[in-house]
Amino acid sequence: MTQDASAGSKDGGEKLITSNRKAHHDYHILETLEAGIALRGTEVKALRAGRANLKDSYVDMRDGEMTLVGVHISPYEAGNRYNHEPERPRKLLLHKREILRFGQKAREKSLTIVPLRMYFKGGNAKVLIALVKGKREFDKRDTISERESKRAVDRALKEGRHR
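Parameters at a glance
Residues numbered from 1 in each chain as written. Predicted model: local features only at pLDDT ≥ 70, side-chain atom pairs only at ≥ 80, totals over all residues. Heavy atoms only, no water. Helix = DSSP H or I, 4+ residues; strand = E, 2+ residues; numbered from the N terminus. Rg over C-alpha atoms; globule rule 2.2 N^0.38 Å. Buried < 20%, exposed > 50% of the residue type's maximum accessible area, 1.4 Å probe, protein only. Contact = heavy atoms within 4.5 Å. Phe/Tyr/Trp six-rings, centres within 6.5 Å; stacked < 30°, edge-to-face > 60°. Lys NZ or Arg CZ within 6 Å of the ring centre and 35° of its normal. Expected span 1.5 Å × (residues − 1). Pairing = 2+ DSSP bridges. Axes fitted to C-alpha atoms, helices over the stretch in contact; angles between N-to-C directions. Salt bridge = Lys/Arg side-chain N within 4 Å of Asp/Glu carboxyl O.

Peer 1: Could you give me a rundown of the overall build of the protein chain, with the residues and numbers involved?
Peer 2: What the protein chain contains, in helices and strands, is five helices and nine strands. Taken from N to C terminus, the helices and strands of the protein chain fall in the order α-β-α-β-α-β-β-β-β-β-α-β-β-α. Radius of gyration (C-alpha) of the protein chain: 19 Å, far over the 15 Å computed for a compact globule of 163 residues. Taken along the three principal axes of its C-alpha coordinates, the protein chain extends 60 × 45 × 35 Å. Buried positions account for 33% of the 163 residues belonging to the protein chain. Sequence separation of 24 or more characterises 70% of the internal contacts of the protein chain that already satisfy a separation of 6 or more.

Structure, rendered in C-alpha cells:
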C-alpha cells in the first residue's frame, strides 16, 4: 500500500465531541476557521469520552497566539495525579497569517472570536472558531419568528403531501 492510500483511510471523517448551540442564538456568524488544539494526554481521553463543554468560552489573543479560554474539559476518571486542570487556557494551533488576519478583523470591527464546535478529524482534536458579532434582542426575536414561520410552511407542505 502506498503512503497516500494509508493517509486517506486514516482520515475517516469527523467525530463531533461537542457544539456551542447558544453561539448561533447569541451571535451573527461572519467567518469560520478550523484550528488544532494543544492538549495534554488525559484531556484527549476525556474528549474521546465526550466530556467537554463550550458554554461561555471565547478565544483570546495573547502575545501573537490565540488561546481558547473558558472551555471545560472534565478530568479523566481513570487519570492519576497528573490529571489536567478542567478550565485551563489552551493554545490554538494556527498558521501565523491566520492568527494575524482573524486578530486584525476582531480588533478593527470590535468583533469576538468564539468556538462553535469541537471534533476529531483524522485522529486530531480540532475546534471550529468563528468571528462573530453580537445580536441585539430584536435580532434574536426576528430569528425566532423566521424559524417558526419556516416550520409552519414545512408543516403545511407535509400535510398537503399526505392527503
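Peer 1: Any chance you could break down the packing of aromatic side chains for me, citing the residues and the numbers?
Peer 2: Within this structure, the stated rule accounts for zero aromatic pairs. Directly above the ring of F120 sits R48, whose terminal nitrogen or CZ lies 4.2 Å from the centroid. Its guanidinium or amino end placed over the ring of Y119, R117 lies 4.6 Å from that ring's centre, counting from NZ or CZ.

Peer 1: Provide a residue-level description of helix 4 (residues 96-108), including the pertinent values.
Peer 2: Along an α-helix, residues three or four apart share an orientation, since each turn contains 3.6 residues. Taking 1.5 Å as the rise per residue, helix 4 with 13 residues should run 18 Å; its terminal C-alpha atoms sit 18 Å apart, in good agreement. Those residues of helix 4 that are buried are in contact with strand 2 (27-37), strand 4 (58-62), strand 5 (65-69), strand 8 (112-121) and strand 9 (124-134). Trailing helix 4 by a residue or two, S110 shows a phi angle of about 50°, which is positive.

Peer 1: Describe the sheet that holds strand 2, with residues and values.
Peer 2: In spatial order, the strands read 1-8-9-2-7-5-4; together these seven strands make up an open sheet with antiparallel pairing. Each of the sheet's edge strands pairs with one partner strand only, and the pair in question is strand 1 (14-19) and strand 4. Each adjacent strand pair in this sheet contributes to an overall mean axis angle of 45°, direction not counted. Where strand 4 lies against strand 5, five bridges are found, and the strand directions are antiparallel. Among the inter-strand pairings, V59 is bridged to a residue of strand 5, identified as L68. Those strands touched by helix 4 are strand 2, strand 4, strand 5, strand 8 and strand 9, and its axis lies near 155° from that of strand 2.

Peer 1: Break down the pattern of salt bridges for me, with residues and values.
Peer 2: Per the counting criterion, the structure on display carries 11 salt bridges. With a shortest N-O distance of 3.4 Å, E34 and K121 are connected by a salt bridge. Pair noted here: E34 is in strand 2 and K121 is in strand 8, with a separation of 87 residues, a long-range link. Look at E34 and you get partly exposed, because its relative accessible area is 31%. Classification of K121 by relative accessible area gives partly exposed; the value is 31%. A salt bridge links R90 to E43, with the nearest nitrogen and oxygen atoms 2.8 Å apart. One end of the pair, R90, is in strand 7 (residues 90-93); the other, E43, is in helix 3 (residues 41-48), and 47 residues separate them in sequence. Comparing R90 with E43, the two get one shared label, buried. Taken together, the salt bridges that share partners define one network made up of K22, D26 and K140.

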